[in-house]
Amino acid sequence: MAWEPHGAHLIAGDWVATADTFPSEPASGPVHRFSIGTPDLVAQACVAAEAAFWTYAYTSRDTRAAFLDRIADEIDARGADITLIGTQETGLPAARLEGERGRTVMQLRLFASHIRKGDHLDRRIDPALPDRQPLPRPEIRLIQRPIGPVAVFGASNFPLAFSTAGGDTAAALAAGCPVVVKGHSAHPGTAEIVAEAIRAAIRALDLAPGVFSLIQGGDRKVGAALVQHPLIKAVGFTGSLAGGRALFDLCAARPEPIPFFGELGSVNPMFLLPAAMAARAEAIAKGWSGSLTMGAGQFCTNPGIAVVHESQARALADATLAALGAVGSQVMLTEGIAGAYAKGRDQIAGTMGVQSLLTQVCDRRNALPQLFQVRGADWLDNHALAEEVFGPLGLIVTVSGEDEMLAIARSLQGQLTCTIHLDDGDKPAARKLLPILERKAGRVLVNGYPTGVEVCDAMVHGGPYPASTNFGATSVGTLSIRRFLRPVSFQNLPQDLLPQDLR
């Protein structure tokens, strides 16, 4: 028998239904109804999370690691049902959902391994110097400690890896922080079945039920109530600039301001240097096209802009058009996202100085690739051309020479990624670009494409505003656990009173 959703919220271990419901909007398959979230449910979840903190934050690293591993096991045990409901709700192909599930459980296991090693604790010990003159020094020990309950907002474009048990949740739970998730209305069934897996893991390890809660649906008041609740100590968010900025402002306006770790997307520009283009323009164009259209372009690392010398623009455009011609229609995550993509295409197409190379009409929730070209001078004069269009839309920016390419780089706002395609003959130009791009992005690539973010120790998925709201943080990789920890120094404490990990 196929899995059927409860249509309810998970609040501290219990499934809680509300009278008001909303229908799912699947790309295929049956419509299900889900309870609508309320500020009162938010308060219940936050109070339960704070109660759970007093035990969960002081569990051993081995216990929390076992919890993360068990969540991964429980998700895998529901793999077929997760793929079915996920493909129905999002329109993503089964292979994509299965791959994303693999990434999700890998993230959980990676954090389990990371906290077992204890590197995240950043332990520092300055021994006492009782004979130091003119004054003795006390013993001081430092360790990273969990900050408290964390709110996580599910992302539209990653129903698994950036949602209910995604990277933000995994990092917070690894740190010792209970989590309250605000589910995304684009995939409520997927959120619920993953919440079932977390609930099963909580029960298996006999943890406090308030360690995790899921609140579905609801209007903006629900999200606002969550980030403003006084028991929430940090927020993880992946989504639009407008939505993220609104929540960021609410966090800053609280009587006790809290950090808002928002990943808001970018245009991820690529700089195509002359020698590389002369040697392999067709290969670069094919790679760009594949990255540009992957997942219907619904990635925050989608490389929307390619900057190239005007003498080589025709070769890039012709090869890109040939590659895009083989890309068929793709289903987008929601009709609203598809509508925003069509609006963005029309705005680009209607901008003075922009040349349409490939403009296609999209059918409702489906997307087709679009390609445009503009001179660097016109791009610099129109800030709107540097704004993200969420979908498979590419813009070629042509420059007259190295100085104009550097001007394009300097004009960029904060990005998640910047890419340089180069050969040996391009290294002098690359040396001039790199200091600029390092200040603009959290990740700088050479001869690659930014989609397919690696989950590892050295990854930074963030960048200067507006790519993210905190340039010192990452939402991918083990470094992301630091968002939910804070340093505490202990001075002259007896050994048996110190935290276990600091003895």
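In this report, the structure presented in the accompanying data block is examined. (Residues numbered from 1 in each chain as written. Predicted model: local features only at pLDDT ≥ 70, side-chain atom pairs only at ≥ 80, totals over all residues. Heavy atoms only, no water.)

Secondary structure assignment for the protein yields 14 helices and 21 strands. Here the C-alpha atoms of the protein give a radius of gyration of 24 Å, agreeing with the 23 Å that 2.2 N^0.38 yields for 503 residues. Principal axes of the C-alpha set define a box for the protein whose edges measure 70 × 70 × 40 Å. In the protein, which comprises 503 residues, the share counted as buried stands at 57%. (Helix = DSSP H or I, 4+ residues; strand = E, 2+ residues; numbered from the N terminus. Rg over C-alpha atoms; globule rule 2.2 N^0.38 Å. Buried < 20%, exposed > 50% of the residue type's maximum accessible area, 1.4 Å probe, protein only.)

Here helix α1 (residues 39-56) is 18 residues long and its end C-alpha atoms lie 25 Å apart, about the 26 Å a rise of 1.5 Å per residue gives. For α1, the set of buried residues is L41, V42, A45, C46, A48, A49, E50, A52, F53 and Y56. (Expected span 1.5 Å × (residues − 1).)

This part is about the environment of A191. With respect to the helices, strands and loops of the structure, A191 is situated in helix α6 (residues 188-204). Considering only alpha carbons, one finds A191 and P5, 186 residues apart in sequence, at a separation of 9.8 Å. Residue contacts for A191: discarding those within four places in its chain leaves T164, L214 and Q216. (Contact = heavy atoms within 4.5 Å.)

Right, let's talk about the pattern of salt bridges for a bit. This structure, assessed with the given rule, holds 24 salt bridges. Put simply, R109 and D76 hold a salt bridge, and the shortest N to O gap is 4.0 Å. A residue pair is termed long-range when its members are at least 10 positions apart, and R109 in helix α4 (residues 94-117) and D76 in helix α2 (residues 61-77) qualify at 33 residues. Owing to a relative accessible area of 31%, R109 belongs among the partly exposed residues under this scheme. What makes D76 partly exposed here is its relative accessible area of 34%. For R245, the salt bridge is made with D249, and the minimal N-O distance between the two is 2.8 Å. One end of the pair, R245, and the other, D249, are both in helix α8 (residues 241-253), 4 residues apart, so they sit about a helical turn from each other. Connected through salt bridges with shared partners, the residues D69, D73, D76, R101, R109 and R116 form a single ionic network. (Salt bridge = Lys/Arg side-chain N within 4 Å of Asp/Glu carboxyl O.)

Let us look at the packing of α2 against α6. How two helices sit against one another is set out by the angle between their axes and by the gap between those axes. Close contact between α2 and α6 brings their axes to 8 Å; oriented N to C, the two are set at 135 degrees. Accordingly, the angle class assigned to the pair α2 and α6 is oblique. Judged by the sense of rotation from one axis to the other, the crossing of α2 with α6 is right-handed. Of α6, the residues touching α2 (which contributes F67, R70, I71, E74 and I75) are V194, A197, I198, A200, A201, I202 and A204. Among the residues forming the contact of α2 with α6, the class breakdown is 10 nonpolar, no polar and 2 charged. (Axes fitted to C-alpha atoms, helices over the stretch in contact; angles between N-to-C directions. Parallel < 35°, antiparallel > 145°, perpendicular 65-115°, else oblique. Left-handed = near helix turned anticlockwise from the far one by under 90°. Nonpolar A, V, L, I, M, F, W, Y, C, P; charged D, E, K, R; others polar.)

What is shown is where atoms sit, not what they do.
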